Amino acid sequence: MDFSGLTRQYQALSGALRASMEEVLGEGRYIGGSQIARLEQALSDRTGVRYVFGCANGTDALTLALLAFGARTGEAVFLPSFTFAATAEAVAMRGATPIFVEVNDSFTLDPDALEKAVERVRQEGWLRPAGIVAVDLFGLPADYARIAPIARREGMWLLEDAAQSFGAIRDDRPACSFGEIAATSFFPTKPLGCYGDGGAVFTHRASRAALLDSLRLHGRGSHKYDHRILGINSRLDTLQAAVLLEKLQLFDQELARRREIAAFYHDRLTGVVRTPEPPEDALPSWAQYTIRLPDGTQRDRLKRRLAERGIPSAVYYPRPLHLQPALAYLGIRRGELPFTEALCEQVLSLPIHPYLTDAEVEQVADAVREEAGRTDG
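The present account deals with the structure reproduced in this document. Here the structure is a predicted model, which is why all the values come from computation and not from measurement.

### Re the nonpolar core
For step 1, the next point in the chain: Grouped together as the largest cluster of nonpolar side chains are 32 residues, with contacts concentrated most on Leu-66, Phe-100, Val-133, Trp-157, Leu-159, Ile-181 and Leu-212.
For step 2, the next point in the chain: Contributions of two or more residues to this core are made by β1 (51–55), α3 (58–69), β2 (75–80), α4 (85–93), β4 (128–135), β5 (157–161), β8 (181–185) and α7 (206–215).
For step 3, the next point in the chain: Per-element tally for this core: the top contributor is α3, with 7 residues.
For step 4, the next point in the chain: Setting aside chain neighbours within four positions, we find Phe-100 in contact with Leu-79, Pro-80, Ser-81, Ala-88, Leu-321, His-322, Leu-327, Leu-330, Ile-332 and Leu-337.

Here's what the structure looks like:
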């Protein structure tokens, strides 16, 4: 059994994908080909966000957003610790200070904890609260209905890290439409993934759009050799755009299958392990289906037993960002974010890609039911 399903997806799409890539190869426009504009328009149409720009990867998407916001030394940027390193890395590389905030049972930023963190930073006085990076984790958008008012009230910008949530909906709005800027990733294992690295930035504002477009092209002005500002080189290549255009044709079908599998897991596993409980206003894209065990010993034992039965699983994330060596300079000690630290010991993600057969989904659920209840070592 495959955890990602990429091989099966290629088998289903191989004819169309080969034709699309042949079109690019025939045209010879590997950078800036017509497929880039077509993809950006398709992404805009799907999300309802007017301006969309492809870029080299999801980390660059975050970096471009932070450059556009002007994140700098002396500023505090609030973000969850329960996420991938890129979120904090992009902030720190700009010289701003990551302020880690607890998540809640949804695995996304806890608005109550966010308010407390902002107040604490204001009272301490040595950093200026500047922005929030809310991460849509495992395919569920964060609680922007509560987070966005905090950002407005405090005069901070809001960035949606939608690396895992493309295709999701919350409060009748699609992922990538929240925040002043949103960033997503097209890493191969994302709900919408290409065959290499890729990403995109989204914004509703024309002024932000012009800046983002310039920043991804070395700060370009009116032409290739006119550089008005300092930017970076972050372009989505044409072959990857061609792949994404073809994958979009089946994307709704794949999303429906992910949601079908998630519903089956929920029905079969609730009461056996702790299953995810999305809020009623949300329709996740189910980038991952993540269960929780009581502690790390039981989680690791279940993971091992599933592997013995040929069932892959994954741990996202075994160590929170605030305890990563790269961020030790922040001086955060174990115990300062106890819920996040506990999650890192409890979580286990099960296969949920849209090319699992019904028999395989039942096999996974039955194995979890049987093995989670065993107490022998």
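### Details of the packing of helix α10 (residues 296–308) against helix α12 (residues 358–372)
For step 1, the next point in the chain: Running from N to C, α10 and α12 cross one another at 130°; their axes reach a closest spacing of 10 Å. Put simply, α10 runs oblique to α12. Relative to α12, α10 is oriented so that their crossing is right-handed. Contacts between α10 and α12 involve Leu-302, Arg-305 and Leu-306 from the first element and Ala-367, Val-368, Glu-371 and Ala-372 from the second.
For step 2, the next point in the chain: Classifying every residue of the contact of α10 with α12 by side-chain character gives 5 nonpolar, no polar and 2 charged.

### Regarding helix α11 (residues 338–346)
For step 1, the next point in the chain: Thr-340, Glu-341, Leu-343, Cys-344 and Gln-346 are the residues of α11 that are buried.
For step 2, the next point in the chain: Packed against the buried residues of α11 are β11 (289–292), α10 and β12 (347–350).

### A short note on the sheet that holds strand β7 (residues 173–174)
For step 1, the next point in the chain: What the 3 strands build is an open sheet, ordered β7-β6-β10; its pairing is antiparallel. Strands with a single pairing partner mark the edges of an open sheet, and in this sheet they are β7 and β10 (282–283).
For step 2, the next point in the chain: Across 2 bridges, the pairing between strand β6 (residues 169–170) and β10 is antiparallel. By the bridge assignment for β10, Arg-170 is matched with Ala-282.

About the criteria used
Residues numbered from 1 in each chain as written. Predicted model: local features only at pLDDT ≥ 70, side-chain atom pairs only at ≥ 80, totals over all residues. Heavy atoms only, no water. Core = buried A, V, L, I, M, F, W, Y, C linked by side-chain atoms within 4.5 Å. Buried < 20%, exposed > 50% of the residue type's maximum accessible area, 1.4 Å probe, protein only. Helix = DSSP H or I, 4+ residues; strand = E, 2+ residues; numbered from the N terminus. Contact = heavy atoms within 4.5 Å. Axes fitted to C-alpha atoms, helices over the stretch in contact; angles between N-to-C directions. Parallel < 35°, antiparallel > 145°, perpendicular 65-115°, else oblique. Left-handed = near helix turned anticlockwise from the far one by under 90°. Nonpolar A, V, L, I, M, F, W, Y, C, P; charged D, E, K, R; others polar. Pairing = 2+ DSSP bridges.

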